[in-house]
Every structure is written in C-alpha cells, then in structure tokens.
Amino acid sequence: MELRAELKYSKSHEWIKEDGDVSVIGLTDYAQSELGDLVFINLPEVGDEVTVGEAFADVESVKAVSDVFSPVSGVVTEINEELLDAPESINEAPYDAWFVKVGEVKETEELLDADAYKAFVESEEA
Amino acid sequence: MGSYVPNTLDERKAMLNEIGYESIDDLFRHIPEQVKIQGGLDIPEGMSEMEVLKKMKEIAKKNKVFPTIFRGAGAYRHYIPAMVNNVISKENLQTAYTPYQAEISQGILQSIFEYQTMMADLTGMDVSNASVYDGATAAAEAVAMCADRKRKKAFVSATVMPSVLEVIKTYCFGNELEIKVIPEKDGVTDIDYLKEHIDKQVACVLIQHPNYYGSLEDAQTIGEVAHEAGAKYVMSVNPISLGALKTPREYGADVAVGDGQPLGLPIAFGGPYLGFMTCVESMMRKLPGRVVGETEDHNGKKGYVLTLQAREQHIRREKASSNICSNQALCALAVGVYLSCMGNEGVTKAAEQSMSKAHYMAEKLAGAGFKVENKQNFFHEFVTVSDTPSEKVLKALEDEDILGGYPLDDKRILWCCTEMNTKEEIDKAVSILKEV
Amino acid sequence: MLIFEKSKTGRKCQNLPECDVPVVTLDAKDKREVKLHLPELSEGELSRHYTELAKKSHGVNDGFYPLGSCTMKYNPRVNEVAAGLEGFTDIHPLQPTETVQGCLEVFKTLESYLCEIAGMKRMTFQPAAGAHGEFTGLLLIKAYHKSHGDEKRKKIIVPDSAHGTNPASAAMAGFSVVSVPSGPDGCVDIEKLKEIAGDDVAGLMLTNPNTVGLFDKNILEITKIIHDCGGLCYYDGANLNAVMGTVRPGDMGFDVIHLNLHKTFSTPHGGGGPGSGPVGCKEFLVPFLPSILVEGEDKLVAVKEKDSIGEMKNFYGNFLVVVRALAYVMTLGKEGIPEASKNAVLNANYMMNKLKDLYTMAYDEVCMHEFVMSLADLKKQTGVSAMDIAKGLLDFEIHPPTMYFPLIVDEALMVEPTETESKETMDEAIAVFRKLYETAGEDAESLHNAPMTTPVTRMDEVGAARHPILRYQFED
C-alpha cells in the first residue's frame, strides 16, 4: 500500500491535499486495490456543493459501485475530466488521479496523517 | 394429471431414505401449521395433454380471427416471415435464462448485439439497449432517464397514443416527476403552447411521430424548441415507418423509443411485444436496462458480454435509475430475424406499401362520404369523420369479417393499413361502407 | 461472425408482393436520407446463421440448470402449441369485446386459479416481469396510503438478503429503503424489525422462503408487526415454487404479491424475457389495480377500477405468456401443483445432503426449493472461488448455480434443482460438484482457467465496460 507523507487521509479512504484555498480530493491506493479494476466514474459538476461525510461521486467496477465521500464541506471548483475517459488511471496512479478540487471550504472532518491512516487500515484489516 | 416430475414414487422414497427422512411432508414440518392450506386447493383436477389442448382450442375458438384488419392504434398486423417463428422456437434460445454465463451464451448475446446494431441503425442513433417491456414503458423510462436533480419536469404531447401517456403518468406517480401535457392543435402538437411554457426545469419533450392520428408532426421544430431550453428531445416512433421516414436522429432527437411489435411480432391481444430505446452516445450510461457489448476472451477471441451492469439494479440496488432486470430477449431475437429477412429493400417496401395503401384507402373513403380529418401528411393511419355513427360503420364491416378502424368517438374513426391489406380488400370495405 | 459481416448487397429473401395501389412518396422534409444497413442474405444463409447462434446457446433443454432463485424448470411443449393457436396470436387487442371472449376467459380462468394458489382476491396480468410486478405492487401500497391521507409513510423495509430488484423497485416508486438485517439463522431479525416499524413505514417486501432457501417460521409475527404499525406486506413471489399448494402467501399475512409465470408456472425464459409478473392483492387494494379486470359469467366484459393507479404498459399484459401458464396449471391441477413444489423441495434437500460433507452449507438445516453453499473456506484453503467452481461446471455442460447471491453469504453458490430433474441427473451433477471440489485441492490452476471446452473462455468484462462497443460499426 502506497502512502504519501504530504497528504492527509480520511477514514472513508479518500486522500486530501490542501493547496492554498482549495482541497484536492482523490481515492487512496488502498481503496483502489480493494475496489479492483474501475470502469467508470461519476463526478459532480463545477459549482455543486459538497458536505462532510456525504457522497459526492461514485466509482464503478464491473460488479460493484461504491460511493466516494467528501472529507470537506465547500463548493466544487474544478473536476478532473480526464478521469471520465480513463477511469483506469485511478488504479494505475491513485495519487495523481484527483477527482475534484473544492473551494470555499467551511468544514473539514478530522483527518489522519499517513502513519495514522496506515494504522487505521491495518486495524480494519484485522 | 401430471406435474412433469420424472422421479417415480419408489425413487422419491429411495431419495428420502438416503437423506434420512420418512416422507416429503417431513421436509415441511417446520412450517407453522396455521399457515398451511387445509383440505387442498380449490382448483380443478389436472388434465392430460390431449384434454388440455382440446380445451385451449375451444377457448381460442371463442375469439374471432379477422382475416382483414384496418385497425392499428398501437398494434399493427404486418407480414411475419416464416423464418421468425422458426428461429424463436429453437429450444436452446427459447429455454435459456438471461445470458449471465457468457461462455455458454454467445448465441443469445450475439443476437442481442445484432439487434442493438439494427435498432441503432434504423433510428439513426449511436447506441441501443437490449429492449424493455414495450413502447409505453420505453417512453416512461426515457422520461426518467432525462431527468436529473435540476430538471424534474417533462412535456409530453397530447398526440401520443393515450395509453403511452397513461403509463408515463403512472410511472411518474412513482418517481414523482411532473408531467405537463402539450395540447393538440389541428391534430398535431401545439408548438406555440410549448414555446410559451417550456422552461429550464424541463428535462425533456416527448412526442410521437407519426402521432396517434397517423399525422406527421413538425418534428424538427419541436426538437429545436426543446434544445433551446436545454431539454432533451425524445421521439416515440413506429419502427416500420423508418423504412421511409426520417430517423429521429435526423429530426434532432436525443432519445428514440417505440414499440417493436410491427417488426415480426404477432398482435396477440397485446403482448408480448418489445420496447426499444436508442440514444446518442453522450447519454449511453443513462440508458436503462440490459446492454450487450463486444469484448475478447482470455485467449483474445472476440465475443460478447452483458456490460455496463453497474448501472443496473442488482448492483446499484436502490440507487439504480430503473428496476428493470430483464429484456424481451426472445422478442428482440424475433425483431432481429425479421429485419434480416426483410433487409433494406423489404423494410422500405413494407413502409412504402403501408403508407401508399393508407393513402389509397383515405382517398376512397373520402369519396364515400368519410371526411379525412388529418390536415398534415400522414403515414399509415388516418382519421375520418362522418355523420354515420362509428358503431354502425364498424358493425357493417364486422358482418363481412372485416375489422374496421378504431372508433375514437361516435363520429371519428382511426384507420390503419399495412402491406397486408390488398387493394381488393380496401375496395371491398369501401363498397360496404357506401351502403351504410 | 456477425450477420452484418455475412451480408452482401443484392442478396435477399422474397417476402412481399409488389404494391397494388399507386405508390405515395414523402416530401423531402420527412424523407429518410441516411442509409439503412440491414443485413442482406439469402434465406438459406440466414437460416444457417440462426442455427449457429442456437448451437452457441444453452437452454434448459441442453442440460441441468440449477440456477438458484430462477426456477429453471422444464418448459412443457403443449404450452407452446397452445400459445401458437391462431385464435390467440391473431387477435387485435382493441377488438370488440364480443369477439375476444376467449382471451378474456384465459385471463379470468387463470386469475381464479392463481388467486386460489396465492390466497388473494383479484389479480392483474398487466405487469410484464417480476420487477414490473414489484413496481406495480408498491404503487398500490402508495395509492392506498395516499387514499387515507397518510402521506408520511415513505419507508419500505427490505431484508438485507433481498434481491436487488426489491430496493430498486421501492426507490422507483418514490420510497426510501430501510434494510432490516437477517439473524444468524438467515431469517428476519424480529427485534430489529420492531425497532424500525413505525408510522413512517409504508410496507415490507419479503420473499418466503427467503433468498437463502429457508422458510421464515416467524412469518405471522413479522406480518403482524408491520400491520400493527399501519404498513402493508408485499410478497415477492420469486420463490413460490417451494410452497405452492402447501402455503398461501395470503394466509401468511401478505396483502399484495407478484408471481413470476416464467419461473413457477413453467413459461420459457426466452434468454431474458418475455416473462409475466401478475400482481394479486387482497380485497381492500382491488380498487387501485391497474389495467382491466374481467367480470361476468357467460358474457365476459373488461372493466377498469375507478381508483386505479393507471396503466403499467400498453394493453393487458404479455398475453401469450399467460396462455402458456394457463395450460400449465390446467395440466397440473389441484394435485399436481403441490406435487411439483414438494418434489422441488425434495430434490433440493437431496442434493444438499449429498454435498454437505464436502461443501459448507451457509445454513445446515432443512431447506426449501434451493440451498446456499459458501465457498469461503475452500477459497481460503485452495484459492478456488465460487466463480471458479461455477466456471468448472461449464466444462461438464451444467449451467452454474447463481453466484455471489445472496450478498449476506460470502462466496455464495445458490442451487435450485427444481422438480423436473430426475435422480440420475442430480446424481451426475453431485458427482461433478464433488470432483470439482477435489480438483480445487489438486489443481487449482485448472479451475482458474475454466471453462476450456466452451465456444469462448472467460471474457474480459473490464475491457467491455471501460471501452464499450455496443454495436457493429459500418464502413459507410
């Protein structure tokens, strides 16, 4: 399981990069390997509001569909349209395959650093 | 008389012994007595095959088979090539389940892929699903597929087949989308009304073309009005008409739906038929129902599978856009065989003949005092008005074994011709009506 | 090879005569301009094409088909003959009532038989499939509460073991779905159900026997809990083949049900349809039924209820499927119906008992018409999954059981032999299942690669979904 020290993580397996005023959100390496080969992704639209703990996107494998939850509350400022045509990049490079950028962040859930997230995943596995 | 159970009483006993039970009833012992039927079912005793078939023939005889039919209104008697029934009777195809096990279902999967290709081609669209229940449910599903969080209203023309409108309304009683009916004006959709009332909350505009009265709508303009408001444009079409008429795509539609019955399925008192749904590529993942796609096996051999399944109910459960979990596969097969038998020339011929015969009949009926109400050009259906009560008109034909048009009211009758109606039949019907 | 690749311009079948009236042409604004690409083949080539497709398909007539929850029983041939009678196929749905007395009699007769079997008052044949029936039944429940001004009831309770269709249908009918967990015995957790039950509950959807093949013994208590909170009980008839003639859903406390004529009543599945999902209900829901009801004795008439929810599809249902089911019930009659279900249960228990020393049963107790095995242990030990065993069966010309359902059982295989299979067929299948279990231990790799003998091997489903090719692309 690949982790990046500069990122923060949520317990619902999203990674977050705080980049000035915006939060960039994606799916962790652990999450993508659990989900298997992804074949499609549904993203919100620019301007949509997202809320802490609520689904803002979903990803499909051949036999399952899973919600992706927002670790922050705010407004979507940009979506990664490239993912729509190439969902496999989430499997190939999860930390480059960002989903959305969220601005006007009002609230952020309690996030984990890489070590804490690693411990969390291991405790879940057990 | 029989239950198609092969095991003899001795064999059943032997099986019970092997697994340690005395009787079959022991296997039902854990079911509470209060819910068990006391004294058996109150239905007749079983019958032998000979008796069953005799009885079924007696029942069928109580129906009247009309050798000549001038009635359409949603169910159309076209010629069905002999090949169609032959193919759908093949047991490997007829008795199979949904082709989830692709390795042993390539035949069915390929037939659906071919069906999808033919329907997409016929309607001019990019993709087709594997079919839904019928034309009305296809229309209702199309309305639902166009709606999203911001657009929860649909405009449906009053000139669609009445039961299609009813089905759309019933579906919307469920999904709580708002349906606005665009009134008719001179027998076609009132475009001025639509222009005045359409707004940014409208998910789609749905019309039928040719409409319920057989008339050709100004389909191009309606599409432009819909798109201007950012709404999708759904056209419900008669597939046979596409042998001659512009495709929904050419008129600007985003989604095309309709009933596939005219393509090789018998009228059969209303079913089973098939609903087709095709759309432009950008809406592909919103298309409900089963879809078959091409892929390769692990050795690189080309083959077909059910695909895009994550949209469907067995995976998405309550988040699925539709609960449909079947298609009318055997009917889709029939449609595929029909279109292959007919070919380009045959389908065009069926369309042209249906239209030509309807126009011939309309002209003759006009000569017999039945005024043709359609102000626009019509395809293979048209409406007449006369002072003679519809009931009397139709009774006179029925007495001569002719099923006349469908009575819209006491004075108006909706007539239909297909390639099955000969000039002789038409002349005969008209001559009977001259006497009424 | 696709039919389009066999097509050659100019080849054709001769079906239609020339036009015998003056040909009318369309104005340019309505005339089709884009080219049609329908196949052009001679009749002989066409016939061979479809024979080839049939060869690459596997139906009930090709071998054992123990597909759980789908009731793949034999499809009697007399049903096909009956459904092919001209007096049924050539009847226009809008013919005058006096000329369709036979069609109305078909509906009336089968309705009376199925209402007796189900313990319901009336039944509509309009729904075209099970899922369509569920949607219909839920709209009846919605209309009922609405008629009482009780519009706060927005929840439908569905067990976590339910078919995915149940929650999807509830959502389509505008309800929110509340999942009730199953207890360790695979049945509804009564205490949890009591917690959920309340004045916001519109109803409960349940199948009994449930999707793990067990009869929920608490059924009367379950339906009472729902009724006491003002909700209605919906019976998913998917599993009626286990109990028809022995237990009636109406007597278990259900208010509305759908039946699957293509499962329980022997009509062919057709590779995915057409089916028929008639919906029956108790008297108090009759006013809301869609479509027509047949009334009268000598002279039959079709009437429509005044508070009807409307129409679920055009016309009255998949009529020819209804004809087949009628022929079936006529053949079986009052003795044959329970005989069928009892033998379905016997066959399932026989197979389960002959496999349970090797395969882990999800619930090791008397099953009804089907049973669920969990291959989780086997997978842990050998790496061979439920999917691998299923694919292994294909090399023995056995259709696999339902895989990975219900969701509450890990690595599930759900086996439903049905009553129309003989002891020999099941013994052969049992031997194959046992052999595959052995193979899993000895040569797991061969099962990962199964099947080997089928027209194609395992398909690249990921590729199909990532880059969908949904039609043949013509060159021009």
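Residues numbered from 1 in each chain as written. Chains lettered and ligands numbered in written order. Predicted model: local features only at pLDDT ≥ 70, side-chain atom pairs only at ≥ 80, totals over all residues.

1. Observations regarding the overall build of chain C
The helix and strand inventory of chain C stands at 15 helices and 13 strands. Scaling as 2.2 N^0.38, a compact globule of 476 residues should have a C-alpha radius of gyration of about 23 Å, and chain C matches this with 25 Å. Counting only C-alpha atoms and orienting by the principal axes, one finds that chain C spans roughly 75 × 65 × 45 Å. Looking at chain C as a whole, 62% of its 476 residues are labelled buried. Put simply, 72% of the contacts in chain C that link residues at least 6 apart link residues at least 24 apart. (Helix = DSSP H or I, 4+ residues; strand = E, 2+ residues; numbered from the N terminus. Rg over C-alpha atoms; globule rule 2.2 N^0.38 Å. Buried ≥ 20, exposed ≤ 12 C-beta atoms within 10 Å, placed from the backbone. Contact = placed C-beta atoms within 7 Å.)

2. With respect to the domain arrangement of chain B
As far as domains go, chain B holds domain 1 (9-61), domain 2 (68-79 + 344-435) and domain 3 (82-337). Put simply, the middle of domain 1 of chain B and the middle of domain 2 of chain B, counted by C-alpha atoms, are 51 Å apart. (Domains from an automatic or database assignment.)

3. Observations concerning the sheet that holds strand S2 (residues 155-159) of chain C
Residue and element names in this part refer to chain C. A sheet is described by the order of its strands in space; here seven strands give the open sequence S1-S7-S6-S5-S4-S2-S3, paired in mixed fashion. Only two strands of the sheet have a single partner each, and these edge strands are strand S1 (122-124) and strand S3 (176-180). On average, adjacent strands in this sheet sit at an angle of 25 degrees to one another, irrespective of strand direction. The sheet contacts of helix H6 (residues 130-147) involve S2, strand S4 (201-206), strand S5 (232-236), strand S6 (256-258) and strand S7 (279-281), and relative to S6 the element is tilted by about 165 degrees. (Pairing = 2+ DSSP bridges. Axes fitted to C-alpha atoms, helices over the stretch in contact; angles between N-to-C directions.)

4. Quick word on the interface of chain C and chain A
Contact residues are listed per partner, giving four residues for chain C and six residues for chain A. Partitioning the side of chain C that touches chain A into residue classes produces two nonpolar, no polar and two charged. (Nonpolar A, V, L, I, M, F, W, Y, C, P; charged D, E, K, R; others polar.)

5. Some remarks on the sheet that holds strand S12 (residues 402-403) of chain C
All names here are of chain C. The strand order across the open sheet formed by four strands is S10-S11-S13-S12, and the pairing between neighbours is antiparallel. Since the sheet does not close on itself, it has two edges, and those belong to strand S10 (360-361) and S12, each with one partner. Taken strand by strand, helix H12 (residues 386-394) contacts S12 and strand S13 (412-415), and its axis lies near 40 degrees from that of S13.

6. Some points on the interface of chain B and chain C
Every contact between the two is made by 166 residues of chain B and, on the other side, 163 residues of chain C. Among the elements that make up the side of chain B that touches chain C, the one with the highest residue count is helix H12 (residues 329-367) of chain B (22 residues). Of the residues in the side of chain B that touches chain C, the class split is 76 nonpolar, 54 polar and 36 charged.

7. Observations regarding the nonpolar core
By size, the foremost hydrophobic cluster in this structure holds 338 residues, and its most contacted members are Ala 139, Ala 142, Val 143, Cys 204 and Val 205 of chain B together with Val 322 of chain C. Dropping the residues within four chain positions of it, Val 322 of chain C is found in contact with Val 106, Phe 107, Leu 110, Phe 125, Leu 261, Ser 276 and Gly 317 of chain C. (Core = buried A, V, L, I, M, F, W, Y, C linked by C-beta atoms within 7 Å.)

8. Thoughts on helix H7 (residues 165-172) of chain C
With eight of eight residues buried, H7 of chain C lies mostly within the body of the structure. Buried residues of H7 of chain C: Thr 165, Asn 166, Pro 167, Ala 168, Ser 169, Ala 170, Ala 171 and Met 172 of chain C, and no others.

9. Some thoughts on the environment of Leu 408 of chain B
Residues and elements named next belong to chain B. Turning to its location among the elements, Leu 408 is positioned in the loop between strand S16 (406-407) and strand S17 (412-416). For the pair Leu 408 and Ser 390, spaced 18 residues apart in sequence, the C-alpha to C-alpha distance is 8.5 Å. When sequence neighbours within four positions are dropped, the list of residues in contact with Leu 408 reads Val 383, Ile 413 and Leu 414.

10. Re the pairing of strand S3 (residues 153-157) of chain B
In summary, the side chains of a regular strand alternate between the two faces of the sheet. Residue and element names in this part refer to chain B. The buried fraction of S3 amounts to four of the five residues, a majority that puts the element mostly inside the structure. Taken together, the five bridges between S3 and strand S4 (residues 178-182) define a ladder with parallel strand orientation. What sits directly across from Ser 157, in S4, is Ile 182. Regarding topology, helix H7 (residues 162-175) serves as the crossover connection from S3 to the parallel S4, and that connection is right-handed. Alignment of S3 against strand S7 (residues 202-209), held across four bridges, turns out to be parallel. Residue pairing across strands places Val 156 opposite Leu 206, the latter belonging to S7. (Right-handed = clockwise from strand over helix to strand, strands pointing away.)

11. Things to note about unusual backbone geometry
With an omega dihedral of 5 degrees, the bond running from Gly 271 of chain B to Pro 272 of chain B counts as a cis peptide bond. Relative to the helices and strands, Pro 272 of chain B is located in the loop between strand S9 (255-259) and strand S10 (275-279). Gly 273 of chain C connects to Pro 274 of chain C through a cis peptide bond whose omega is 5 degrees. Residue placement: Pro 274 of chain C occurs in the loop between S6 and S7. The residue Ser 131 of chain B is not glycine, and still its phi comes out positive at about 105 degrees.

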